[in-house]
Amino acid sequence: MGTDLHALLRSLRVWAPEATTLPPFDPATAPAEPLPLFTEWFAEAVAAGQPEPHTMSLATSDEAGHPDVRTVMLHGADTTGWTFATHVTSRKGHHLAARPYAALGFYWPALGRQVRVRGPVTAAPAREGQADLHARSTGALAAALTGRQSEVLGSLEELAEASETAWTEARSRPDAPVPTWTLYHLAPQEVEFFQGDARRRHVRLAYRRTGTQGWTSTLLWP
């Protein structure tokens, strides 16, 4: 007998007390710019034991404007923007070449928090992308060397063979170049912070860039 999806969905809770703590958030105490608040919230997600807090949803669109989304890893965030990486030949690489604009979404259910970021995306110089790749694990390099991301795969055996070859090269040449590997910077134009509330009085604080340096912030209805 099959699973009753609707019954299963109705049985689930969001922010169950045994798994989630909903801290208070007073937007009046928020900094004038979003990056310090993001850094603080990220550190608090790590301290709360949130699994993989550095993963995020990345939304892009193709030439026709059709959206796509996937989970990737945050590589950094500083005054230049939020950083992630992929092959320039991948689906998201092609999307960003056609429409260099993206959105990021972080969800940390341990604290009932979300952060959303939108803005234009630029590719970093190749040397930065290679330096970022070679600072990561052997497995990350092996995955990048396997390459052909988003292409049609003939069989799992084909993948296993290519992966074994890549692992061998990654172990013997930890500085092996991967020309298609690219680091991308998203320069934020909008950053929204969402703090969940047990009585559904969620706090949403939205930052919007004004000019090249300044920011304004406003509250949004939940």
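Use the structure listed above.
Residues numbered from 1 in each chain as written. Predicted model: local features only at pLDDT ≥ 70, side-chain atom pairs only at ≥ 80, totals over all residues. Heavy atoms only, no water.

**Quick notes on the overall build of the chain**
Defined as follows: Counting from the N terminus, the helices are the DSSP runs of H or I reaching at least four residues and the strands are the DSSP runs of E reaching at least two. Think of it in three bands: with a 1.4 Å probe and only protein chains considered, a residue is buried below 20% of the maximum accessible area for its type, exposed above 50%, and partly exposed in between. Any two residues whose heavy atoms approach within 4.5 Å at even a single point are treated as in contact. Working definition of accessibility: Shrake-Rupley area with a 1.4 Å probe, residue cover restricted to the visible protein chains. Under this rule, positive means Lys or Arg and negative means Asp or Glu; His and the chain ends count for nothing. Where a charge lies is defined by one atom per residue type: Lys uses NZ, Arg uses CZ, Asp uses CG and Glu uses CD.
For the chain, the helix and strand inventory stands at six helices and ten strands. Within the chain, the fraction of its 222 residues that count as buried is 34%. Pairs at least 24 residues apart make up 64% of the contacts formed inside the chain by residues separated by at least 6 positions. Total accessible area computed for the chain in this model is approximately 13100 Å², and 56% of it derives from carbon and sulfur atoms. Computing the positive centroid from 20 side-chain charges and the negative centroid from 23, the chain places the two 7 Å apart.

**Topic: a nonpolar patch on the surface**
Test applied: Patch definition: residues above 30% relative accessible area lacking any salt bridge, with like charges linked at up to 9 Å and the nonpolar side chains Val, Leu, Ile, Met, Phe, Trp and Tyr linked at up to 5 Å. Any Lys or Arg side-chain nitrogen found within 4 Å of a carboxyl oxygen on Asp or Glu counts as a salt bridge.
Residues Leu 5, Leu 8, Leu 9 and Leu 12 make up a contiguous nonpolar surface patch of roughly 400 Å² in combined accessible area. By the element assignment, Leu 9 lies in helix α1 (residues 5-11).

**Some points on the layout of surface pockets**
To keep it simple, the criterion reads: Cavities and pockets are defined on a 1 Å grid built over the protein atoms alone: a cavity is a set of grid points where a 1.4 Å probe fits but cannot escape, while a pocket is an open set with protein on both sides within 12 Å along at least five of seven lines, and lining residues are those with an atom within 4 Å of any such point. Grid points are joined across faces, edges and corners, and a volume is the space filled by probe spheres set on the points. Gly is placed with the polar residues, together with every amino acid not listed as nonpolar (Ala, Val, Leu, Ile, Met, Phe, Trp, Tyr, Cys and Pro) or charged (Asp, Glu, Lys and Arg).
Considered as a void within the structure, the largest pocket measures approximately 270 Å³ in volume. Looking at the largest pocket, it is lined by 15 residues, and the ones nearest its centre are His 87, Arg 136, Ala 143, Gln 149 and Trp 181. Among the secondary structure elements, those contributing two or more residues to the lining of the largest pocket are β2 (67-73), β4 (81-87) and α5 (138-146). Broken down by element, the residue count for the lining of the largest pocket peaks at four residues, all from α5. A class-by-class count of the residues in the lining of the largest pocket yields seven nonpolar, six polar and two charged.

**Brief notes about the environment of Trp 221**
Assignment of secondary structure puts Trp 221 in the segment after β10 (214-220). Relative accessible area serves as the criterion here: at 80%, Trp 221 is assigned to the exposed category. When the C-alpha positions of Trp 221 and Pro 23 are compared, they lie 19 Å apart, and in sequence the two are 198 residues distant.

**Structural notes on the packing of α5 against helix α6 (residues 156-172)**
Applicable threshold: Note on definitions: angles span 0 to 180 degrees between N-to-C directions of axes, and those axes are lines fitted to C-alpha atoms, for helices only across the stretch in contact. Throughout this description, any angle smaller than 35 degrees is read as roughly parallel, any larger than 145 degrees as roughly antiparallel, any in the 65 to 115 degree range as roughly perpendicular, and the remainder as oblique. Note: crossing handedness is left-handed where the near helix turns anticlockwise from the far helix by less than a right angle, and right-handed where it turns clockwise.
Axis separation between α5 and α6 bottoms out at 8 Å; the angle between their running directions is 130°. It follows from the interaxial angle that α5 and α6 lie oblique. When the axes of α5 and α6 are compared, the crossing they make is right-handed. Contact residues: α5 offers Thr 138, Gly 139, Leu 141, Ala 142, Leu 145 and Thr 146, while α6 offers Leu 159, Ala 162, Ser 163, Ala 166, Trp 167, Glu 169, Ala 170 and Arg 171. The class makeup of the residues in the contact of α5 with α6 is eight nonpolar, four polar and two charged.

**Overview of the pattern of salt bridges**
Per the counting criterion, the structure on display carries nine salt bridges. Glu 190 is the partner of Arg 118 in a salt bridge, and the nearest nitrogen-oxygen pair spans 2.9 Å. Linking Arg 118 in strand β6 (residues 113-123) with Glu 190 in strand β8 (residues 190-195), this pair joins segments that are 72 residues apart in sequence. Residue Glu 190 is classed as partly exposed on the basis of its relative accessible area, which comes to 25%. Here Glu 192 makes a salt bridge to Arg 204, at a shortest N to O gap of 2.7 Å. Of the two residues, Glu 192 sits in strand β8 while Arg 204 sits in strand β9 (residues 203-210), which places them twelve residues apart along the sequence. Taken individually, Glu 192 and Arg 204 each receive the classification buried, so the pair is uniform in this respect. Ionic contacts of the salt-bridge type, sharing partners, join the residues Asp 68, Arg 70 and Arg 91 into one network.

**Looking at α5**
Every buried residue of α5 is listed here: Ala 140, Leu 141, Ala 142, Ala 144 and Thr 146. On the buried face of α5, the contacting elements are β4, α4 (126-134), α6 and β7 (181-186). Of the residues flanking the end of α5, it is Gly 147, one or two places downstream, whose phi is positive at about 60°.

**Comments concerning the pairing of β10**
For the record, the criterion: Here, any two strands with at least 2 DSSP bridges between them count as paired.
Judged from the seven bridges that link them, β9 and β10 form a sheet pairing that is antiparallel. Looking across to β10, one finds that Arg 209 is bridged to Trp 215. Between the end of β9 and the start of β10, which pair antiparallel, lie three residues, with Gly 211 showing a positive phi angle near 75°.

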